[in-house]
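Here is what each chain is made of, one letter per residue.
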Amino acid sequence: MESTGLQPCNKSRCKTCAMVYCNGTANCRTSFVVYKLGCRFCNAFYVGKTSCPLNKRVNVYRSRTKEGANESLSQHAIKHGKDFDECFSVRVLQRLREGQATKLHLEEKEQIKKLVAFKPPGLNTCKTCAMVYQGTEYSSPNTEIIYRVNGTANCQTSFVVYKLRCRFCNAFYVGKTSCPLNKRVNVYRSRTKAGANESVSQHAIKHGKDFDECFFVRVLQRLREGQATKLHLEEKEQIKKLVAFKPPGLNTYR
Ligand SMILES: [Zn+2]
Ligand SMILES: [Zn+2]
Ligand SMILES: [Zn+2]
Ligand SMILES: [Zn+2]
């Protein structure tokens, strides 16, 4: 079989090309690929995609690891006491044609499932957990008072009062759920996709984003399982406290 003959880029000793197992299919300038990052020291791995040239994507990982970002890949390299380049090699699993963004997204999902990358030693984290911001304080652009978070959460946590916060502007929304957070988030996802006529969906649509791209979730209060009445009251209290019914708040009720 004739090789595609793709060589490392001509920059001598390119740091990114040195990390890429290429088999002649990709180099640091290749875009629209699904890739696997493999740890050089243990079995950990991660599946990702990029529509940008690989070196741009790798640069993001490099700087996040340097900053000590709180995400699985950076933390894994840090655990080994290594920087990103020392810790991981990159293998291109699939290369798509330029512009095939939807296919890229689906192929990434497929590879994550196929390689069971969301279970250790896989480092892919759940999409909902990745949206849940873990912090200790919160505030409102309408009051600027700082409050303390009561309790932590992941995608399985129920009986929480949460705040959705737009990644692109100051818009926010206060809500509650007695179901696991991921179930609630799935409802937002599908309503946004369906173009539902409600403030949260319409806000994401205004930015031209889907729900996950537009919002992150912050848990304000975590109650005990079954405290439905208290949950209702606490939600009301938070809406009042953060003045979520006035712009940039997205609540349409008090
Ligand atoms: Zn290169
Ligand atoms: Zn490792
Ligand atoms: Zn999760
Ligand atoms: Zn916004």
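Residues numbered from 1 in each chain as written. Chains lettered and ligands numbered in written order. Predicted model: local features only at pLDDT ≥ 70, side-chain atom pairs only at ≥ 80, totals over all residues. Heavy atoms only, no water.

Taking an unreviewed UniProt entry as the reference, the chain is identified by name as GIY-YIG domain-containing protein belonging to Nesidiocoris tenuis.

> Before we go on, may I ask you to explain the confidence of the model for the chain in this structure?
Detailed conclusions should not be drawn from predicted coordinates in areas where pLDDT is low. When the pLDDT values of the chain are averaged, the result is 90; 94% of them are 70 or greater. Low pLDDT, under 50, characterises residues 1-5; the stretch is placed with three contacts to residues that sit more than four places away or in other chains. (pLDDT = per-residue confidence, 0-100. Contact = heavy atoms within 4.5 Å.)

> How should the coordination of the zinc ion (ligand 2) be read in this particular structure?
The reference angle at a metal is 109.5 degrees if four donors form a tetrahedron and 90 or 180 degrees if six donors form an octahedron. Distances from the zinc ion (ligand 2) to its protein donors, Cys39 (SG), Cys42 (SG), His76 (NE2) and His80 (NE2), fall at 2.0 to 2.2 Å. All donors to the zinc ion (ligand 2) come from one chain, and their sequence spacing reads C-x2-C-x33-H-x3-H. Judged by relative accessible area, which is 10%, Cys39 ranks as buried. (Donors = N, O, S within 2.8 Å, 3.2 Å for Na, K, Ca; no water. Buried < 20%, exposed > 50% of the residue type's maximum accessible area, 1.4 Å probe, protein only.)

> Please explain the pairing of strand S4 (residues 88-95) as it appears in this structure.
Side-chain positions along a regular strand alternate between the two faces of the sheet. One ladder, built from two bridges, connects strand S1 (residues 20-21) with S4; its direction is parallel. Residue pairing in the sheet places Val20 in a bridge with Val90 of S4. In terms of strand pairing, strand S2 (residues 33-39) meets S4 through seven bridges, oriented antiparallel. Its bridge partner being in S4, Cys39 is matched across the sheet by Phe88. (Pairing = 2+ DSSP bridges. Helix = DSSP H or I, 4+ residues; strand = E, 2+ residues; numbered from the N terminus.)

> What is the right way to look at the pairing of strand S10 (residues 215-222) in this model?
With respect to burial, S10 is a largely interior element, seven of its eight residues being buried. Bridge count for strand S5 (residues 132-133) against S10 is two bridges, and the pairing is parallel. Bridge assignment links Tyr133 to a residue of S10, and that residue is Arg218. Sheet topology places strand S8 (residues 160-166) next to S10; seven bridges connect them, and they run antiparallel. Looking across to S10, one finds that Arg165 is bridged to Phe216.

> Can you walk me through the UniProt feature "domain: GIY-YIG" (unreviewed entry) in the chain in this structure?
UniProt records the feature "domain: GIY-YIG" (unreviewed entry) at residues 30-111 and 157-238, using the numbering of this structure. Along residues 30-111, the helical share is 45% and the strand share 26%, with 19 Å between the first and last C-alpha atoms. Secondary structure over residues 157-238 splits into 44% helix and 26% strand, and the C-alpha atoms at its two ends are 19 Å apart. (UniProt positions renumbered as here; feature names shortened; annotations may be inferred.)

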